[in-house]
Every structure is written in C-alpha cells, then in structure tokens.
Amino acid sequence: MSIEVTRSFLLWCTVINYGILLVWFLVFVFAHDWIQRIHGRWFRLSGEQFDALHYAGMTILKTGIILLNLVPFVVLSIIG
C-alpha cells in the first residue's frame, strides 16, 4: 500500500469518525431527555451520571480519532 493510499484512507477515516462524533453530540443535545428515558429503562442513572458517561464517551472517541487517525495522517502528509 502506497503512502498516498494510506493517507487518503486515514483522511476518510477521520472525516467519517468526526461525522459519527458530531451526530452523537447533536442527538445528545437535541434529544437528551428522550435518550435518557430510553437508557433509564435499562440502567439506573441520575441525570449527572448520564451526562458524565456521554461526555466521557465522546472524549474517549475524540481522543481515539486524534491519536489513531489524525496524527498518522499528518505524519504521512509531512513525510510524503
């Protein structure tokens, strides 16, 4: 696999993953109560716990995107 193909792959992975993160954020913001009611049927979480779990999940996903997609893309762009 050439550097150009790998770079293109990492760029699309970054775009798609940020899209998923954006959808998650928008659904969390605009359908917060609905999501909390659905999750409340399965888990006994307070509002603060629910918010903290989603915030932590978004943070972990964003960190993973940066470390596993964006940084390798930048490195390949610099050396290629």
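Shown above is the structure to which this text applies.
Residues numbered from 1 in each chain as written. Predicted model: local features only at pLDDT ≥ 70, side-chain atom pairs only at ≥ 80, totals over all residues. Heavy atoms only, no water.

Visitor: Tell me about the side chain of H54, residues and numbers included.
Guide: The topology assignment puts H54 in helix α3 (residues 47-79). Residues contacting H54, with those up to four places away along its chain left out, are W24, F28, I35 and H39. (Helix = DSSP H or I, 4+ residues; strand = E, 2+ residues; numbered from the N terminus. Contact = heavy atoms within 4.5 Å.)

Visitor: Explain the nonpolar core residue by residue, including any values.
Guide: Counting residues in each nonpolar core, the largest one holds 6 residues, listed as L21, F28, I35, F50, M58 and I65. Elements with a minimum of two residues in this core: α1 (3-30) and α3. Residue contacts for F50: discarding those within four places in its chain leaves F28, H32, I35, Q36, H39 and L45. (Core = buried A, V, L, I, M, F, W, Y, C linked by side-chain atoms within 4.5 Å. Buried < 20%, exposed > 50% of the residue type's maximum accessible area, 1.4 Å probe, protein only.)

Visitor: Pulling in residues and values, what's your account of the environment of V74?
Guide: Take V74: it is sitting in helix α3. Sequence-wise, V74 and L11 are 63 residues apart; in three dimensions their C-alpha atoms are separated by 9.2 Å.

Visitor: Give a detailed account of the packing of α1 against α3, specifying residues and quantitative values.
Guide: At a minimum axis distance of 9 Å, the contact between α1 and α3 shows a crossing angle of 165 degrees. In this view, α1 runs roughly antiparallel relative to α3, as classed from their interaxial angle. In the packing of α1 onto α3, the handedness of the crossing is left-handed. Grouping the constituent residues of the contact of α1 with α3 by class yields 19 nonpolar, 7 polar and 3 charged. (Axes fitted to C-alpha atoms, helices over the stretch in contact; angles between N-to-C directions. Parallel < 35°, antiparallel > 145°, perpendicular 65-115°, else oblique. Left-handed = near helix turned anticlockwise from the far one by under 90°. Nonpolar A, V, L, I, M, F, W, Y, C, P; charged D, E, K, R; others polar.)

Visitor: Talk me through α3; I want residue IDs and the actual numbers.
Guide: In this model α3 runs 47 Å from its N-terminal to its C-terminal C-alpha over 33 residues, within 8% of the 48 Å that 1.5 Å per residue would give. Where α3 bends most, at I66, the angle is about 35 degrees. The set of residues buried in α3 consists of F50, H54, M58, I65, N69, F73 and L76. Packed against the buried residues of α3 are α1 and α2 (32-42). (Expected span 1.5 Å × (residues − 1). Bend = angle between axes of the 7 residues up to and from the residue.)

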